[in-house]
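# Remarks on the overall topology
Here are the chains, one letter per residue:
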Amino acid sequence: SACPTPPQRAMEGSNAGDGLPQMKYLVVTGGTVSGLGKGTAISSIGVVLRSHGLCVTAIKIDPYLNIDAGTMSPFEHGEVFVLEDGGEVDLDLGNYERFLDLTLTSSHSLTSGKIFEQILKRERTGHYLGKTVQIVPHVTDAIQDWIADVAQKPVDKRGQRPDICLIELGGTVGDIEGAMYLEALQQLMFRVGREHFCMAHVGMVPVMGATGEQKTKPCQHSVKLLREAGLRPDILFCRTEQPLEEATRRKLSVFCQVQPAGIISLHDISNIYRVPLLLAEQEIGVQICRHFGLPNEGFTESALHLPESVMSCLPLEARDVRLADWRFLADRVDMCSDEVVIAIVGKYTGLHDSYISVIKALKHATVEAGLHLSIEWVDSGDLEPNAQLLDARRYDNAWWRLKSAHGVLVPGGFGDRGVEGKVRAANYCRTSNTPFLGISVGLQLAVIEFARAELGWENANSTEFEESTPHPVIVFMPEASATVTGGTMRLGSRATLIADSGTLAYRVYGGRPLVYERHRHRYEVNSQCVAALESRGMVFSGKDDRGQRMEIIEVCHGHPFFFCTQFHPEFQSRPAVPAAPILALVLAAAKRLDRRMQEDGGVLRPGAGFERRV
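These notes cover the structure that comes with them. (Residues numbered from 1 in each chain as written. Predicted model: local features only at pLDDT ≥ 70, side-chain atom pairs only at ≥ 80, totals over all residues. Heavy atoms only, no water.)

A cis amide bond links Val-136 with the next residue in sequence, Pro-137, at an omega value of 15°. Relative to the helices and strands, Pro-137 is located in helix α5 (residues 135–151). In this structure, Leu-129 is a non-glycine residue whose phi angle is positive, near 50°. With respect to the helices, strands and loops of the structure, Leu-129 is situated in the loop between α4 (112–124) and α5. A relative accessible area of 74% places Leu-129 in the exposed class. (Helix = DSSP H or I, 4+ residues; strand = E, 2+ residues; numbered from the N terminus. Buried < 20%, exposed > 50% of the residue type's maximum accessible area, 1.4 Å probe, protein only.)

Two elements in contact, helix α7 (residues 217–228) and helix α8 (residues 246–256), have axes separated by 10 Å at closest approach and are oriented at 25°. On the basis of their axis angle, the class for α7 and α8 is roughly parallel. As for how α7 packs across α8, the hand of that crossing is right-handed. Residues Cys-219, Gln-220, Val-223 and Arg-227 of α7 lie in contact with α8, whose contacting residues are Lys-251, Leu-252, Phe-255 and Cys-256. Residues belonging to the contact of α7 with α8 are distributed by class as follows: five nonpolar, one polar and two charged. (Axes fitted to C-alpha atoms, helices over the stretch in contact; angles between N-to-C directions. Parallel < 35°, antiparallel > 145°, perpendicular 65-115°, else oblique. Left-handed = near helix turned anticlockwise from the far one by under 90°. Contact = heavy atoms within 4.5 Å. Nonpolar A, V, L, I, M, F, W, Y, C, P; charged D, E, K, R; others polar.)

The next thing to look at is the layout of surface pockets. Empty space within the largest pocket amounts to approximately 760 Å³. Forming the walls of the largest pocket are 29 residues, and the residues nearest its centre are Gly-35, Lys-60, Asp-90, Leu-91 and Asp-92. Elements supplying a minimum of two residues to the lining of the largest pocket: α1 (38–51), β2 (56–62), α2 (74–77), α3 (91–100) and α14 (356–369). With four residues, α3 is the single largest residue contributor to the lining of the largest pocket. Each residue belonging to the lining of the largest pocket can be placed in one class, and the counts come to seven nonpolar, 10 polar and 12 charged. Along the walls of the second largest pocket sit 33 residues, with Asp-101, Lys-157, Gln-572, Arg-574 and Val-577 positioned nearest its centre. (1 Å grid on protein atoms, 1.4 Å probe; cavity = no way out; pocket = protein on both sides within 12 Å on 5 of 7 lines; lining within 4 Å. Points joined across faces, edges and corners; volume = space filled by probe spheres on them.)

What follows deals with the environment of Ala-398. Within the element layout of this structure, Ala-398 appears in helix α16 (residues 392–404). On the accessibility criterion, Ala-398 (0% relative accessible area) is buried. Put simply, Ala-398 and Thr-172 are 226 residues apart on the chain and 38 Å apart in space, counted from C-alpha to C-alpha. What Ala-398 contacts, discounting residues up to four positions off in sequence, is Val-378, Asp-382 and Leu-383.

Structure follows, in structure tokens:
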């Protein structure tokens, strides 16, 4: 790094008299339309700040009345991301964890449902001593206290108290449900002082008409709404197709009262890993350090933690540049040209955000392996026999896309729609030696397929899909609730034991006999059917710490890769260290798995692929 040691933290204030530096808060809001990329912006800001030697944390505020995202439809809100502690949260927290390599908790997701639940419980227990409970001050105080408390929690591998808390307010400025949060944030700014509070706003700058002129009015109006709420942006992120023109920057500076240096161009680029580089080029880290009075503006350290052997291959002058590791990753993404096609067979294929962690994990794996990812989306319902009667062309097209893929992934899901199509996909992959990875329900359906085809149990099924099945190979877990749906599944990080060193699972997980992965399921493999399944060649290579729950299955019989997990490996995938099962799928699909394991010393070492040039 450019400096031998990080600068000492300035002691310009304290938190409740504890003698620690005053927490710094950086809030990001969005205006005009949703989907401008606030999550990517705030994650990229965090990457730049980490490169300045600062420790960051992140909180996502969602103004909806749900307690959490656990009961929300993927079609409505995209993927439900599962945290280490079992919290079911918005997909943006997954983005924070991936970019910043953090381990967040369920309290880092703040919803109106959680706040109102807390307020009402306090009111019922007499906490407010007979006062009239109101939005101001009771709800706004509760929001501020929640933020101040959660901001202190260490969330990175160093176990260090964060220097800066990044806060994303979901929705757009002007939404009715977000008004109380803007009020609470205004009060928080007054409470901690302007020097400890930085306001950033993401606005839209569209190009209209044949002249190609960048229009500032949508951005001006959203800033106006923000100022009406008592908050003035210090930094203005302008989401636009082309780099922000200097004339546009000057105009926004005048009308939005933001310094020209604080107006940041967020234009389209070749890949998402270039966003931190784009922000660093516009000196966003220097501006934030100066705003907060932090002495870190000249300090440089790694923000991605690629293997040292990778960074040592770079020229010395390139290694000392800020975000050299991210530049290496972004350049590698653009250079990968050998294509690998992975078919994702699911029921929510109409909204790709429903599988965003799976997509990101596949991307991490292909970049590490030096491959270019191409995804074929296959709606599992289109693979079923009745689909052929309804629309033969659609049915044939779905099967053509499945069979043309180099590998197949069946991700998690709930409900009986499309399950028979997933069963047929598993059967095709098992019998055609096509690399296959089943996740959560993907494992369960692979077990159902195997029981039907190999054991002759034609009516084998899950009690989730058919309660009266004569061969219930998948059953409801005894501790789960059949009536209360929110937060009642087997959730969060759980141990998986891989006892046999001769299994594929042992090699995929780098020779580790114990791994921790995140779960989200209500059903499991029926332990009474395990012996029968094993007798026909199915291997249950991973089990829970009591040896009662089946966590990993594999089918050998000369198959290059037929591997399923009850857990969700995608939730812990990182750009520098891809999820092992997903990396193995990608390598198997490219016919490189065996060679890679030999090069890695007989087991798979995720991250080692970066040592090999594209």
